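Structure assessment
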Amino acid sequence: MLRIVEFSIREGPEMQQPSIVSYSLSQRFLHWAVALLIFFNLAARLAHAGLYILIFAMPLSGIAAYYFGIDPAGSFHAGVLKIILWALIAAHVAGALVHQFYWKSNVLRRMTLG
């Protein structure tokens, strides 16, 4: 009887090791997943803020170049702002497709149907 108790005491730490490792890995994954969600949330907010800023900046720079003859505003309008706008549009479309097909959420439906 003593031998059985001795064996179970020796076996205890080895049996606990996989559960400790799996708990540690799950905590590491959860922290990684939370950090990734925070990053995506920040990226979405920055992209939307950039789109709203460009809604005003593009026409104002175009008006400044066309009506007031400010040439740097025209080159800024046709160069930098246009590239940023296309990048934000591509990121917006990619985000909507990721929501629809990878995360299987209804964000694309809300964007199109309301």
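Residues numbered from 1 in each chain as written. Predicted model: local features only at pLDDT ≥ 70, side-chain atom pairs only at ≥ 80, totals over all residues. Heavy atoms only, no water.

Here we take up the environment of V98. Looking at the element boundaries, V98 is found in helix 2 (residues 71-101). V98 sits in the partly exposed class, given a relative accessible area of 34%. Along the chain, V98 and L108 lie ten residues apart, while their C-alpha atoms are 9.5 Å from each other. (Helix = DSSP H or I, 4+ residues; strand = E, 2+ residues; numbered from the N terminus. Buried < 20%, exposed > 50% of the residue type's maximum accessible area, 1.4 Å probe, protein only.)

Of the voids in this model, the largest pocket is the one considered here, and its volume is about 520 Å³. Contributing to the lining of the largest pocket are 18 residues, with F40, A44, A91, G95 and H99 lying nearest its centre. Elements that contribute at least two residues to the lining of the largest pocket include exactly helix 1 (2-66), helix 2 and helix 3 (107-113). Broken down by class, the residue content of the lining of the largest pocket amounts to twelve nonpolar, five polar and one charged. (1 Å grid on protein atoms, 1.4 Å probe; cavity = no way out; pocket = protein on both sides within 12 Å on 5 of 7 lines; lining within 4 Å. Points joined across faces, edges and corners; volume = space filled by probe spheres on them. Nonpolar A, V, L, I, M, F, W, Y, C, P; charged D, E, K, R; others polar.)

In the predicted model, the chain carries a mean pLDDT of 83, and the fraction of residues at 70 or more is 80%. Helix 1 is the least confidently modelled element of the chain, averaging 78 in pLDDT, while helix 2 averages 94, the highest of any element. Predicted confidence for residues 1-7 stays below pLDDT 50, and this span has zero contacts to residues more than four positions away or in other chains. (pLDDT = per-residue confidence, 0-100. Contact = heavy atoms within 4.5 Å.)

Moving on: the nonpolar core. Within the largest apolar cluster, six residues are counted, these being A47, L51, L54, M58, L81 and L88. Broken down by element, the residue count for this core peaks at four residues, all from helix 1. When near neighbours in sequence (up to four residues on either side) are disregarded, L54 contacts P59, L81, I84, L85 and L88. (Core = buried A, V, L, I, M, F, W, Y, C linked by side-chain atoms within 4.5 Å.)

Quick look at the packing of aromatic side chains now. The description of an aromatic ring pair uses the distance of the two centres, along with the angle that the planes make with each other. Counting across every chain of the model gives four aromatic pairs. Ring centres of F40 and W103 lie 5.4 Å apart, and the angle between their planes is 70°; on these two criteria the pair is classed as edge-to-face. One end of the pair, F40, is in helix 1; the other, W103, is in the loop between helix 2 and helix 3, with 63 residues separating them in the sequence. With centroids separated by 6.3 Å and ring planes inclined at 55°, the aromatic side chains of Y102 and W103 adopt a geometry described as tilted. Given the relative accessible area of 38%, W103 is considered partly exposed. One aromatic cluster in this structure is built from F39, F40, Y102 and W103. (Phe/Tyr/Trp six-rings, centres within 6.5 Å; stacked < 30°, edge-to-face > 60°.)

With phi around 55°, K104 is a residue other than glycine that occupies positive phi space. Mapping K104 onto the fold places it in the loop between helix 2 and helix 3. For K104, a relative accessible area of 64% gives the class exposed.

The residue S61 is located in helix 1 in this model. The class of S61 is buried, set by a relative accessible area of 8%.

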